[in-house]
Amino acid sequence: MTSKLIQLTFLDPEQSIQAEPEETIMSALKSAGVPIKQACTNGVCGVCLTPLLSGEIDYAQRLPHGLNDKEKQNGYFLPCIATCKTDIAIDRPKVRLR
């Protein structure tokens, strides 16, 4: 399995980082120094809620309890438990760092 690209559309200029096949998107973001809030790291609290602009993610055996139906319909996902199935593009996380 090869690593996937995560396109960070909210940075100026836009940047891409690598995510290893089994690495969560949150872990890849943190390793690259991308500021993102997190709390529970198990898909329950929703603090890391992030818009997925393109590509596919996978939650494997985990359930994204921190997402409501409206957020799912609007393209949000939880990077704390998601891995990349394909290269993805994401927008600014919903909760901003202060």
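Right above here is the structure, for reference.
Overview of the structure. (Residues numbered from 1 in each chain as written. Predicted model: local features only at pLDDT ≥ 70, side-chain atom pairs only at ≥ 80, totals over all residues. Heavy atoms only, no water.)

## Some words on the packing of aromatic side chains
Part 1 of the argument: A full pass over the atoms with the stated rule returns 0 aromatic pairs.
Part 2 of the argument: In this arrangement the basic side chain of Lys94 is found over the ring face of Tyr76, its NZ or CZ atom lying 5.6 Å from the centre. (Phe/Tyr/Trp six-rings, centres within 6.5 Å; stacked < 30°, edge-to-face > 60°. Lys NZ or Arg CZ within 6 Å of the ring centre and 35° of its normal.)

## Things to note about the pattern of salt bridges
Part 1 of the argument: In the structure shown here, the tally under the stated rule is 2 salt bridges.
Part 2 of the argument: As a salt-bridge pair, Glu56 and Lys85 come within 3.8 Å of each other at their nearest N and O atoms. Of this pair, Glu56 sits in the loop between β3 (50-54) and β4 (57-58) while Lys85 sits in the loop between β6 (83-84) and β7 (88-90), placing them 29 residues apart in sequence.
Part 3 of the argument: We note a salt bridge from Lys94 to Glu71, for which the minimum N-O separation is 3.8 Å. Separated by 23 residues along the polypeptide, Lys94 in the segment after β7 and Glu71 in helix α2 (residues 69-73) bring together distant segments of the chain. (Salt bridge = Lys/Arg side-chain N within 4 Å of Asp/Glu carboxyl O. Helix = DSSP H or I, 4+ residues; strand = E, 2+ residues; numbered from the N terminus.)

## Concerning the layout of surface pockets
Part 1 of the argument: Estimates place the volume of the largest pocket at around 260 Å³.
Part 2 of the argument: Around the largest pocket sit 14 residues that line it, and Pro21, Glu22, Asp58, Thr83 and Cys84 are the ones nearest its centre.
Part 3 of the argument: When the residues that make up the lining of the largest pocket are grouped by side-chain class, the tally is 6 nonpolar, 3 polar and 5 charged. (1 Å grid on protein atoms, 1.4 Å probe; cavity = no way out; pocket = protein on both sides within 12 Å on 5 of 7 lines; lining within 4 Å. Points joined across faces, edges and corners; volume = space filled by probe spheres on them. Nonpolar A, V, L, I, M, F, W, Y, C, P; charged D, E, K, R; others polar.)

## Here's the deal with the nonpolar core
Part 1 of the argument: Ile6, Leu8, Ile25, Leu29, Tyr59, Leu78 and Ile90 are the most contacted members of the largest nonpolar core, which has 24 residues in total.
Part 2 of the argument: Elements represented by at least two residues in this core include exactly β1 (4-8), β2 (15-19), α1 (25-31) and β7.
Part 3 of the argument: Ranked by residue count, the leading element in this core is α1, at 4 residues.
Part 4 of the argument: If near-sequence neighbours (up to four positions away) are discounted, Ile6 is found in contact with Gln15, Ser16, Ile17, Ala19, Ile25, Ala28, Cys84, Ile88 and Ile90. (Core = buried A, V, L, I, M, F, W, Y, C linked by side-chain atoms within 4.5 Å. Buried < 20%, exposed > 50% of the residue type's maximum accessible area, 1.4 Å probe, protein only. Contact = heavy atoms within 4.5 Å.)

## Focus on unusual backbone geometry
Part 1 of the argument: Look at the link from Asp12 to Pro13: it is a cis peptide, with omega at 0°.
Part 2 of the argument: The residue Pro13 is located in the loop between β1 and β2 in this model.
Part 3 of the argument: In this structure, Thr41 is a non-glycine residue whose phi angle is positive, near 60°.
Part 4 of the argument: Relative to the assigned elements, Thr41 resides in the loop between α1 and β3.

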